[in-house]
Each structure stands twice: as structure tokens, then as C-alpha cells.
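This is what each chain is made of:
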Amino acid sequence: MTRPFSRRDFLAASGVAGLGTFLNGCATTLVAADASVDDKPAILGGKAMTMGGVPSWPVLQGEEEKLLLEVLNSKNWCCWTMKFKVAEFEKKYAEMNGAKHCIATNGGTSALINTLAALEVGPGDEVITSPFTFVATINSILSHYALPTVADVDIESAQIDPAKADAACTENTAVLMPVHIGGLPADMDGFMELGKKRKLPVVEDACQAHLGKWRDKYLGSIGTAGCFSFQVTKNLACGDGGAVLTSDDALADKIYACHNNGRGRTVSSFMQNAVRGRNNRMIEFAGAILLAQMAGIEKYAEIREENGLYLNKLLSEIPGVVPAKRYAGVTQSAWHLYMFRIEKEKFGLDRDTFIKALSAEKIPGGVGYSAVDWTEYTKKIYSTRAAGRLYSKKFLDDWAERVGDLPKYKRLASEAVWFGQNLLVGPKKNMDIIADAIRRIQKNAAQIKG
Ligand SMILES: *Cc1c(COP(=O)(O)O)cnc(C)c1O
């Protein structure tokens, strides 16, 4: 069954004014699904689905070249003049997110590292975070020779569970580090309450969470500090870059110093107010790209929100497909990933077989983070001579035993499926195509299995 799909249909289906403009220049083949839900799934020999209009990421916004050349010709390639592109970006990014300060860095990992440095995290300290995260979250803690204590997730949302984080606290806990994985907000009411109760700073790993919102606040501006990544796949991208947001004046100065070789903004001598620092400054070329890219960030966030919620509605009607839950406090997801689970009893197939059937439909889904034993990982990292002076084998074994098994995380890792954020930036029609594909896979599960 083939239907012609006109540009007007496409714009109507997308439901977003101005979408046609930004998609100009992207590879767009505007073809409707030419295989319907009643047809055979592609894995059983049916015709694969055809999606169109998914932009390859990142999408140029128009000013990149001009701003890059301004930096090039100025010879102000380093941000230390504090009044060029990086400074302008910091001001804009802080304003957009409702934070008082923004410190741009050369990556999300270094944003996290310098925030933990400013909070004086070191050997013996525990930082409580999510196991269902990118390895950089864990590595930022390990880089201070501290202990990444992972607490189990709420399987419905894929986010770290504040009650489990509370139970994991000890007298050595120094920081709570919720991760908004996939750009879906963690329970920030729960974490802010926990921080208050335990008198602990809350550092949001918002590296996937640009413009996600909890009640009336943007993610990354709620806790003591929030860290972002602008690595090329992220919702706001410059190649490699990052930023910390905070509204705490003293902490902002300290983070600045930590990322600037220990030197503060106004310090002339390196001995004055020295902190243990490193150079993780953002270069001006990255600042230029970010300023240009910011032209699109709000528009894309709206499109993802609309398409993401629509896909949630379509997929939740299919037996055994469970879109990641949004808490009552969520007013906007950042949708860096579109996350859902396949419950094999109800769906009729396990997640890995489902992914095979989905890829036969030419729909690019991934299996999410696998179940890493982070305590084993930590023990391995700390098997060096220097770490041996800090932590005995018995100490690490006892710590790992206390962290325990994390059954929900394990189950989540075996059921999780996700789509990249650029899929949600395509036309709304694609959401129908994705749902049709998954529906016909589910309907024919027995045959696919057999
Ligand atoms: C991308 C990411 C990071 C690290 O950011 P980089 O810019 O790649 O250093 C940290 N945490 C999470 C959850 C991420 O997705």
C-alpha cells in the first residue's frame, strides 16, 4: 500500500509551524509508511517501514560560519579575555535556564569533575548516583578518588530513586548526584528534600537534560549546581563542551578557579586563594558554535515534547510496551533519548529479539545501557599502587557489599530500548510509523519467536 505524501501533508502532520524551514537542507525523503500495521513484519519477509525527514544531527542554524570566522580573525582563541563568545554564551545560557552563574567548560565530564572539586570531594567521600547512566558520571567521581555509591532506580522512570539514595547515605556521603537520564527528569522534589534532610549538596548531572523542566524550573538550575554536556550528539552541541550552572556566588567562583588552573577571575597571583585546579576552559571556537546553535534549542525542545508525548500515547496502547514514566512534577522532558521497556511476558518477545525485528523495519532503536557492576568497575580502577594506599581490599569489598545487588537496575537494563533525540525532531507522521511497526511486531510475536 503506497500513498503519496505531499509537503503540505507533512507540515500538517508535523503540527509545528515553521518546521519546514528548519528541515530545509536536511536529507528529507517525504514518504508515508508504505507498509501498514496489518502487513507482515519485515523480519517475517514483509516490506520495511519508511521514515522520512529525520535530520542528521547537529543541524546548522546559519550563523556558525560567521561567528567562527570572527573568532579566527580576532586571534582571541582562548576565553581568558572573559568578554568574547564564551562569556556571551555563559550569560545567555545562565539567563535561559534561570541560573545566576554559568561556567563553560571543555566537556560535560569536566563540568562534573570541577563541580565535585569545588565541593572538595576527595578520597573516602561517597557520591550517591544512578547506576543507569553514562560511564562519565561514574568517572567524574573516580577522578577524585572518591566512591561512586550507586542506588537502585525506579524502573518506571529509569531514574535514580530518592528513597534508595536515602538508604545508601552514610556519614561519608558528600554529594547527591541525580542523573536526568535520557533527559527525563529525576524526582527533584525527592532529591531536594533529601539534600535538606541530610545537609548534602545536590549536583544534577543534566548532561542529557537541556531545557527539561521540573515544575517551573529548568533542570540543572534546581540543585546546588547542574552540569551540562555539549558533546556533538547532545541536544545542544559544539563538538565537545560543557557548562556548570549554579546560583551560589561562592561556589561559582570556586568552580571557575578549579577549571582555570586554580586561579579565580580577579586573582593576579596564583598563590592567592589557590585551589587544586586544572585547565578545563572552553575554547572560543566552541563558544561561537554554541551561540549559533542556541537559535534552534527552544524550537527543537518544543517539537520533541510534542512528538515524545504523542509517541508515549501511541506506544502505551501496545501490550508489553511501557514508555518511561514522567513524574507529576515534570512539565517538560528534554528527550535526549526516547526511552521505553519491553516486558517480554506481555509483549511476547524478549527485548533483544524485539530489537532485531525493529531493525528489520529500518527503525533505529538501541538497547540502552547494559547492566554494569559499578562496584566491580571501581575495584578494578582502584587496583593501582596509589589507590591501594587509600583503600584496602577489605574496605572496598565491604563497601561493594553494602551497595548490594540493584535488582531493578538489572531488570531495566534487560528491558530498555531507546531512540535518539533526532528521531523526535522529525515529522509527527514518523511517530505513527514507529507505533505501526511496533504494533505489527507485537501482533506477530508468536510467529517471530517460532
Ligand atoms: C554525555 C554525558 C556526560 C559527559 O559529557 P561529555 O561532554 O561527553 O564529557 C556525563 N553524563 C551523562 C549522563 C552524559 O550523557
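Residues numbered from 1 in each chain as written. Predicted model: local features only at pLDDT ≥ 70, side-chain atom pairs only at ≥ 80, totals over all residues. Heavy atoms only, no water.

Peer 1: Honestly, the layout of surface pockets in this entry has me stumped. Any pointers?
Peer 2: Taken as a whole, the largest pocket holds about 260 Å³ of empty space. Surrounding the largest pocket, 18 residues form its lining, Ala87, Glu90, Lys91, Cys102 and Arg265 being those nearest its centre. The element best represented in the lining of the largest pocket is helix α4 (residues 85-97), accounting for 6 residues. Looking at the lining of the largest pocket, its residues break down into 9 nonpolar, 2 polar and 7 charged. A volume near 200 Å³ is recorded for the second largest pocket. Residue lining of the second largest pocket: 17 residues in total, with Thr109, Phe134, Ala136, Ser229 and Lys234 positioned closest to the centre. Only α5 (108-118) and α6 (135-142) provide two or more residues apiece to the lining of the second largest pocket. Ranked by residues supplied to the lining of the second largest pocket, first place goes to α5 with 3 residues. By residue class, the composition of the lining of the second largest pocket is 6 nonpolar, 8 polar and 3 charged. (1 Å grid on protein atoms, 1.4 Å probe; cavity = no way out; pocket = protein on both sides within 12 Å on 5 of 7 lines; lining within 4 Å. Points joined across faces, edges and corners; volume = space filled by probe spheres on them. Helix = DSSP H or I, 4+ residues; strand = E, 2+ residues; numbered from the N terminus. Nonpolar A, V, L, I, M, F, W, Y, C, P; charged D, E, K, R; others polar.)

Peer 1: Would you mind showing me how to read the side chain of glutamate 284 here?
Peer 2: Residue position: glutamate 284 is located in helix α10 (residues 284-315). No salt bridge is formed by the buried glutamate 284; its nearest oppositely charged neighbour, lysine 85, is found at 7.2 Å. For glutamate 284, the contacting residues outside a window of four places in its chain are Val71, Asn76, Trp77, Cys78, Cys79, Phe84, Lys85 and Val86. (Buried < 20%, exposed > 50% of the residue type's maximum accessible area, 1.4 Å probe, protein only. Lys, Arg positive; Asp, Glu negative; His and termini not counted. Salt bridge = Lys/Arg side-chain N within 4 Å of Asp/Glu carboxyl O. Contact = heavy atoms within 4.5 Å.)

Peer 1: Where do I start with the sheet that holds strand β6 (residues 173-177) in this structure?
Peer 2: Two pairing modes exist for strands in a sheet, parallel and antiparallel, and in both the strands are linked by backbone hydrogen bonds. A sheet is described by the order of its strands in space; here 3 strands give the open sequence β3-β2-β6, paired in parallel fashion. In this open sheet, the two edge strands, each paired with only one partner strand, are β3 (147-150) and β6. Averaged over all adjacent pairs, the angle separating strand axes in this sheet is 30°, with direction ignored. With 4 bridges connecting them, strand β2 (residues 126-129) and β6 associate as parallel partners. Along β6, the bridge assignment pairs valine 127 with valine 175. Strands β2, β3 and β6 of the sheet are contacted by α6, whose axis makes an angle of about 140° with β3. (Pairing = 2+ DSSP bridges. Axes fitted to C-alpha atoms, helices over the stretch in contact; angles between N-to-C directions.)

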